[in-house]
Amino acid sequence: MKSLKWCHLLHLLSCILLLTQTSSMDGRKTYIVYMGDHPKDVVQSTELLHITMLQSILGSNFASDALLHSYKKSFNGFVAKLTEDEAMRMRGLEGVVSVFENKKHVLQTTKSWDFIGFPQNVKRSRTESDIIVGVIDYGIWPESNSFSDKGFGPPPRKWKGTCHNFPCNNKIIGAKYFRINGTFGKDDIISPRDSDGHGTHCASIAAGDLVESTSFFGLGSGTVRGGVPSARIAVYKPCWSSDCDIADVLQAFDEAIADGVDIISISLGPPTVVFINYFEDVFAIGAFHAMKKGILTSHSAGNLGPDLYTISNNAPWLLSVAASTIDRKFLTRVQLGDGAVYEGVSVNSFDQNNTSYPLIYAGDAPNIPGGYNSSISRFCQESSIDEDLVKGKIILCNDVPQGTFTERLISKVAGILVGSPLPKDVADIFALPAVSLSQKDGTLIQSYISLTSNPTAIIFKSHEGKDSLAPYIASFSSRGPNAITADILKPDLAAPGVDILAAWSPIGSVSGVKSDRRKVNYNIVSGTSMACPHVTAAAAYIKSFHPDWSPAAIKSALMTTATPMSEALNPEAEFAYGAGQLDPIKAVNPGLVYDANEIDYVKFLCGQGYDVKKIRAITSDNSSCTQNNIGTVSDLNLPSFAVFVNTSTFFSRVFHRSVTNVGSTTSKYRARVTTPPSLLNFKVEPEVLSFSSMGQKKSFTLTIEGRINVAIVSSSLIWDDGTFQVRSPVVVYD
């Protein structure tokens, strides 16, 4: 059986605790067989080829339902039920790149666009309405005002997509859903319609219309808008109430690429940290084939921070997005019976109308018959509280209540105070009056309770405050380094992802708790899921001005124009924020771009030791890994530089790069390195690059040598012509 367990996370209203897919009685599980691109010289139909392959492995065990799905449009592969032994033998068949088990993934603004300097009246291209943003997520709520098609003409002629069991319009021009295993939960809507809210939220951040006078029960009020409000939206729904199967995610990529989207936005990821070979990772696979068709994939970095090595999407051909804060905070006050007032963070829409409620410490209410004592009950763990003792009271916990216990508490208690050492950079929405306080304040309130015969408290409705330290990277945002390829920097850049107001499904729970009956059209949510569509929109914005730019050129423009962020506020430095904070206006005119294409990535893969046969399957051509075609990581033309070294060892690394002039017809750029560390030497050759035409390319080398005596050393290489400053982050680490 599969089951759901709602739990609190700093980054989301809820998350899904996913169980391993249940095996059938014969020991078979669902596997994805990835075969690269479609071969150009094969007459046999794709599905027939897949059936033949399955028959060769299964023999007399082959049944008509063994083949669950064939990927036929943008790349070659299929989904089938296999035993571990059969999967192993399948890996040995000609043309198979990888075979991996189907697993589950989880879902990973009035203020934010203004905060990053992208105002409502920004200059727009007339072709913005021809840009199609493909959103792979939980679906969309089409009746939202954010997706009105008022003023829109018919879809662009290039569009090949369709709408399945869904009321599309001239704003939402495509909508499909996927469920290869055919199982649905009782709360699932079998269409691209969003019953959760997450997909609607992400889509509206990227390309929602302007909607005035929106708020969450009066909080965050203002005009909500997407980054490219004139762009079209195509929705691909692989997520359901129980899970997001990666086989369905891969089908969503297959369809989106074939339909002709311009940008793909995906805010999904694994529920735990995983490091996967690039061509056993559906995100890397889908993004690679999108790149081949000129489509950039924008992907959320993940919500598993703040530790290092928590980012899982490491492929160089996709854009990994970290989440940063904005200068708005939602603060909530609690007043005790003695008049003392404490302030914490939450998005609390409930108003207790100055009514005091009895206050109790969870450590004083253990469920003794259930075998619990105060050392457990103080954390408000599942079943640890005597629910009769806390009924009608505000309860002080040393951690956030989790699981089904949260559901029961809603009908029992008057509110929750959480005094814990957890970071206070995110304001969560609870299903009842609640606030997250500092550990110190929690201790003071606990002392008040112990010294007072009838302790009481009032939790006030939240108000807005200003965070003068913003932007900095949210504690939940996954951090690098890149565990797959150490000398490629990840994440790539950061964008607003904390306390973002955007459209919501009115049938989705605002807090992730089913018994929470509040219904809204706009909700405040945090996560790298929210940061990702900001970058998606910026990429679409660039594409509207430069329709012929490659995915790598757009990625370069976004990274080299990003605003540097503070190392003092982000001790993980570039492993937290990549190139820095998104700046869409500067990104449209970056001056120079670091471009790359499929051939460059093939050379990189050769250098990483990928088998020639597999590379040929991926590219569907005669690519080979000859001596002249094997590229090192240092040769891949990325807009960032990373070096992994041994702390005590002298090293020397040479990077080969080329830049393309997209700024002024005639220009002269001079290289400079910011604050080079004393133990390192940087040398750029040549130090001056002169251009005489648009599109002209120039090559250079960056040599870094020396030793480091700290874990992370940060710097930047800047090409400056007096008008454009093209900045690339440089990181040396051990």
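None of the values given here were measured: they were computed from a predicted structure.

It is worth spelling out the overall build of the chain at this point. Check the secondary structure of the chain and you find 16 helices and 37 strands. Relative to the globule expectation of 27 Å for 734 residues, the C-alpha radius of gyration of the chain, 26 Å, shows essentially globular dimensions. With the C-alpha coordinates aligned to their principal axes, the bounding extent of the chain is approximately 80 × 70 × 60 Å. Across the 734 residues of the chain, 60% fall into the buried class. Side chains of the chain give 65 positive and 69 negative charges; the mean places of these two sets differ by 3 Å.

Quick look at the state of the cysteines now. By the definition in use, this model includes four disulfides. Between cysteine 239 and cysteine 244 runs a disulfide, and the two sulfur atoms are separated by 2.2 Å. The sign of the S-S torsion, about 115°, decides the handedness of the disulfide formed by cysteine 239 and cysteine 244: right-handed. The class for cysteine 239 is buried, based on a relative accessible area of 0%. Given the relative accessible area of 2%, cysteine 244 is considered buried. Linked covalently through their sulfurs, cysteine 380 and cysteine 397 form a disulfide whose S-S length is 1.9 Å. Since a negative S-S torsion denotes a left-handed disulfide, the cysteine 380-cysteine 397 link at about -75° is left-handed. With a gap of 17 residues between them, cysteine 380 in the loop between α7 (374-377) and α8 (387-390) and cysteine 397 in strand β21 (residues 394-397) connect regions that are remote in the sequence. An identical accessibility class is assigned to cysteine 380 and cysteine 397; each is buried. Cysteine pairing in the chain follows 1-2, 3-4, 5-6, 7-8, where each cysteine in a disulfide is numbered by its order in the sequence. Between cysteine 202, a cysteine without a disulfide, and cysteine 532, which holds the nearest cysteine sulfur, the sulfur-to-sulfur distance is 7.1 Å.

Now for the packing of aromatic side chains. Overall, the coordinates contain 21 aromatic pairs when judged by the stated rule. Their ring planes at 50° and their centres at 5.4 Å tell us that tryptophan 113 and phenylalanine 118 sit as a pair that is tilted. Each member of the pair, tryptophan 113 as well as phenylalanine 118, carries the same accessibility label: buried. Measuring from ring centre to ring centre gives 5.0 Å for phenylalanine 118 and tyrosine 541, while their planes differ by 85°; the resulting arrangement is edge-to-face. Of this pair, phenylalanine 118 sits in the loop between α3 (112-115) and β8 (132-136) while tyrosine 541 sits in helix α11 (residues 528-545), and the two are 423 residues apart along the sequence. Just above the ring of tryptophan 141 sits the side chain of arginine 193; from NZ or CZ to the centre is 4.6 Å.

Our focus in this paragraph is the confidence of the model for the chain. Residues with a pLDDT of 70 or more make up 95% of the chain, whose mean pLDDT is 92. Counting contacts from residues 1-25, a segment whose pLDDT is below 50, to residues more than four positions away or on other chains yields 76 contacts.

On to a nonpolar patch on the surface. Together, Val273, Phe275, Leu308, Tyr309 and Phe644 make up a nonpolar patch on the protein surface, roughly 420 Å² of accessible area in all. Along the chain, the position of leucine 308 falls in the loop between β16 (296-300) and β17 (319-324). Its relative accessible area of 40% is what places leucine 308 among the partly exposed residues.

On the basis of which strands lie adjacent, the open sheet formed by four strands has the order β29-β31-β35-β33 and antiparallel pairing. Every interior strand has two partners, whereas the edge strands, β29 (592-593) and β33 (680-685), have only one. Bridge analysis of strand β31 (residues 651-661) against strand β35 (residues 697-706) gives ten bridges, and the strand direction is antiparallel. The residue bridging arginine 657 from the neighbouring strand is phenylalanine 700, located in β35.

Another point: the pattern of salt bridges. Scanning all chains against the criterion turns up 31 salt bridges. Note that lysine 292 is salt-bridged to aspartate 37, the shortest N-O span being 3.0 Å. Here lysine 292 falls in the partly exposed class, since its relative accessible area comes to 22%. On the accessibility criterion, aspartate 37 (16% relative accessible area) is buried. Residues arginine 179 and aspartate 243 are paired through a salt bridge, measuring 2.8 Å at the closest nitrogen-oxygen approach.

β16 sits mainly inside the fold: five of its five residues count as buried. Of the two faces of β16, the one lined by Leu296, Ser298 and Ser300 and the one lined by Thr297 and His299 are each fully buried. Here four bridges tie strand β14 (residues 263-266) to β16, and the two strands are oriented parallel to one another. Of the residues in β16, the one forming a bridge with serine 265 is serine 298. Both β16 and β17 contribute to a ladder of three bridges, which runs parallel. When the sheet's bridge partners are listed, serine 300 is paired in β17 with valine 321.

To continue, consider the pairing of strand β4 (residues 67-71). With four of its five residues buried, β4 lies for the most part within the structure. Across four bridges, the pairing between β4 and strand β5 (residues 77-82) is antiparallel. Note on β5: the bridge partner recorded for leucine 67 is alanine 80. The loop that links β4 with its antiparallel partner β5 comprises five residues.

Rules of the game
- Residues numbered from 1 in each chain as written.
- Predicted model: local features only at pLDDT ≥ 70, side-chain atom pairs only at ≥ 80, totals over all residues.
- Heavy atoms only, no water.
- Helix = DSSP H or I, 4+ residues; strand = E, 2+ residues; numbered from the N terminus.
- Rg over C-alpha atoms; globule rule 2.2 N^0.38 Å.
- Buried < 20%, exposed > 50% of the residue type's maximum accessible area, 1.4 Å probe, protein only.
- Lys, Arg positive; Asp, Glu negative; His and termini not counted.
- Charge placed at Lys NZ, Arg CZ, Asp CG, Glu CD.
- Disulfide = S-S within 2.5 Å.
- Phe/Tyr/Trp six-rings, centres within 6.5 Å; stacked < 30°, edge-to-face > 60°.
- Lys NZ or Arg CZ within 6 Å of the ring centre and 35° of its normal.
- pLDDT = per-residue confidence, 0-100.
- Contact = heavy atoms within 4.5 Å.
- Patch = residues over 30% accessible without salt bridge, like charges linked within 9 Å, V, L, I, M, F, W, Y side chains within 5 Å.
- Areas by Shrake-Rupley, 256 points an atom, 1.4 Å probe, with all protein chains shown as cover.
- Salt bridge = Lys/Arg side-chain N within 4 Å of Asp/Glu carboxyl O.
- Pairing = 2+ DSSP bridges.

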